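# Notes for the structure review
This is what each chain is made of:
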Amino acid sequence: MIVACQHCDFLVSIQDLGEQQRAVCPHCGNVLATTQRNYTQWIAAFSLSSIIFLLLSLQPHFISYAQHGLKQTISLMAAIMQLAKHYSVFLAALLSTSIVILPFIASALILLVHTPVWQKMNPHNARVVAKFIMALRPLNLADIFLVAVLISAFKLTAFAEIEVGLGFWAYILFVLCFIETLSLLSQHQLWQLQQAHFTPSIEHCAKRASTQSLKQCHVCQQISRDVHCPRCLAKLRYRKDNSVARSAAWMVTSLIFMVPALSFPIMDTINLGLHTPATIYGGVEVLWNNGSYPIAIVIFIASICIPLIKAGTLFYLLYRVSYPTNPKVAAKFYRALEAVGKWSMIDVFVVILLVSLVQLGTVLSVEPQPGIVFFTAMVICQIFAVNNFDPRLLWDSLNKHE
């Protein structure tokens, strides 16, 4: 089978892979395909387990806290409803969508496509389902939410006694199963189960696909010279439309949002009637002064350093599109951007959790502030900026003579 690398566009011939093997592009190091022993059984088992544990985590006791004789016990579903009712429908929708709805849909669809139904599905419906699954894959924030839960619980120990319940442990099991499900998911094996790979006539396997008028399908990775993919019928394109302009526009927008996000308070803690508004940096400073050095470092890196590093790295990649020197190194930077981008959501989830869980009136409560809205918008814009960038452009100018 011959495929075109999604990061550098070089054509690579992949022989039959053995169990638990993977194919790596020799030009840029991108993983092209993986195989797993008993792939279908394992991924079906983990996706089904994810659904079960996610549903089990919604209603039972998630967390409880007590202060001055007052105690509150709340479930995950009740926390989301309380957030929507008393504070922000936007934050409630963001929380429920990212940690419940999208993971449930992704797990259900992954389970569906690893049943006999997938092999009988027509190419049009298969394209829609596979495209949706691959779009949901980078939006997995369940692991970020779990880290935010632990940070929130650690913060609350300074004010109240904390106790976790069955819903909390069920959600931990869900996150572990869901992460394993996504790690097992292979686009290559998924489409090989649906229908075979078509190999067009190719003159030079070592050359890039674009030099031979070949386009790679963004849904099933099929290469073809046709207008539409012969396997899933998706419309084929050489590159993402206006990739550089869109990436730059989204990143500039994120930097504009960053100014109020770091300047305005993101939450206000009310303890015995005393209001304590906190910015992102102010929260890090308080944690550091209280001796919570690991938590302070994690939040500082995730909420302040990573957004700035992402912006600088993406602008560097956009510069290298016009002035290419070493695209292999630039491709590594791009893969790093894909890996670390979502971790900036930690602070967003910490605030949402504290607001939805901590409500004891003037004794102890947390209220959201405008800064969290700007910070959320900044993170989302940066995710769109990275997703709109086409790393194959890094190689186009360097190899235009081919």
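For the structure itself, look to the data block above.
Described below are features of the structure shown in this document.

### Some points on the overall build of the chain
Looking only at helices and strands, one finds 15 helices and 12 strands in the chain. Scored against the burial criterion, the 402 residues of the chain give a buried share of 51%.

### Some points on the packing of aromatic side chains
A complete count under the given rule lists 14 aromatic pairs for this structure. Note on Phe168 and Trp169: the rings are 5.2 Å apart at their centroids and 80° apart in plane angle, and the pair reads as edge-to-face. Look at Phe174 and Phe178: their rings are 5.5 Å apart centre to centre, the planes differ by 20°, and that puts the pair in the stacked class. Highlighted residues: Phe174 and Phe178, both in helix H7 (residues 166-184), separated by four residues, approximately one helical turn. Each member of the pair, Phe174 together with Phe178, is buried. Put simply, the rings of Phe145, Tyr171, Phe174, Phe178 and Phe349 pair up and form one aromatic cluster. Taking NZ or CZ as reference, Arg208 lies 5.9 Å from the ring centre of Phe10, over its face. The ring of Tyr238 has Lys215 sitting right over it, with the charged end atom 5.4 Å from the ring centre.

### Quick word on the nonpolar core
Core analysis: the largest hydrophobic core is formed by 82 residues, its most contacted members being Trp118, Phe145, Tyr171 and Phe349. Looking at this core, the element that brings in the most residues is helix H3 (residues 89-113), giving 10 residues. Listed in part, the 27 residues of the second largest apolar core include Ala311, Leu317, Leu318 and Ala330.

### Description of the pattern of salt bridges
As enumerated under the stated definition, the model contains five salt bridges in all. Two residues, Arg239 and Asp9, come together in a salt bridge whose shortest N-O distance is 3.1 Å. Separated by 230 residues along the polypeptide, Arg239 in the loop between strand S9 (223-224) and helix H9 (243-263) and Asp9 in the loop between strand S1 (2-4) and strand S2 (11-13) bring together distant segments of the chain. Taking relative accessible area as the criterion, Arg239 reaches 14% and is therefore assigned buried. The salt bridge involving Arg392 is made with Asp390; its shortest N-O contact spans 2.9 Å.

### Overview of H3
Between its first and last C-alpha atoms H3 spans 33 Å; for 25 residues at 1.5 Å apiece the expected length is 36 Å, and the two agree. Of all bends in H3, the biggest is about 50°, found at Thr97.

### A closer look at the environment of Leu185
The residue Leu185 is located in the loop between H7 and helix H8 (187-194) in this model. For the pair formed by Leu185 and Arg137, sequence separation is 48 residues and the distance between their alpha carbons is 9.2 Å. Contact partners of Leu185, with chain neighbours within four places excluded, come to Tyr39, Ile43, Ile110, His114, Ile133, Met134 and Arg137.

### Observations regarding the environment of Val379
The residue Val379 is located in helix H14 (residues 370-388) in this model. Note on Val379: relative accessible area 1%, which makes it buried. Through-space distance from the C-alpha of Val379 to that of Met258 is 8.9 Å; in sequence the pair is 121 residues apart. Once residues within four sequence positions are removed from consideration, Val379 is found in contact with Ser344 and Met345.

### Brief notes about the packing of helix H1 (residues 39-58) against H3
Where H1 contacts H3, the axes come no closer than 9 Å and their chain directions differ by 150°. The angle between H1 and H3 places the two elements in the roughly antiparallel class. At the point where H1 passes H3, the crossing takes the left-handed sense. Taking contact as the criterion, the partners of Ile43, Ala44, Ser47, Leu48, Ser50, Ile51, Leu54, Leu55 and Leu58 in H1 are, on H3, Ile99, Val100, Pro103, Phe104, Ser107, Ala108, Ile110 and Leu111. Classifying every residue of the contact of H1 with H3 gives 14 nonpolar, three polar and no charged.

Reading the values: rules and limits
- Residues numbered from 1 in each chain as written.
- Predicted model: local features only at pLDDT ≥ 70, side-chain atom pairs only at ≥ 80, totals over all residues.
- Heavy atoms only, no water.
- Helix = DSSP H or I, 4+ residues; strand = E, 2+ residues; numbered from the N terminus.
- Buried < 20%, exposed > 50% of the residue type's maximum accessible area, 1.4 Å probe, protein only.
- Phe/Tyr/Trp six-rings, centres within 6.5 Å; stacked < 30°, edge-to-face > 60°.
- Lys NZ or Arg CZ within 6 Å of the ring centre and 35° of its normal.
- Core = buried A, V, L, I, M, F, W, Y, C linked by side-chain atoms within 4.5 Å.
- Salt bridge = Lys/Arg side-chain N within 4 Å of Asp/Glu carboxyl O.
- Expected span 1.5 Å × (residues − 1).
- Bend = angle between axes of the 7 residues up to and from the residue.
- Contact = heavy atoms within 4.5 Å.
- Axes fitted to C-alpha atoms, helices over the stretch in contact; angles between N-to-C directions.
- Parallel < 35°, antiparallel > 145°, perpendicular 65-115°, else oblique.
- Left-handed = near helix turned anticlockwise from the far one by under 90°.
- Nonpolar A, V, L, I, M, F, W, Y, C, P; charged D, E, K, R; others polar.

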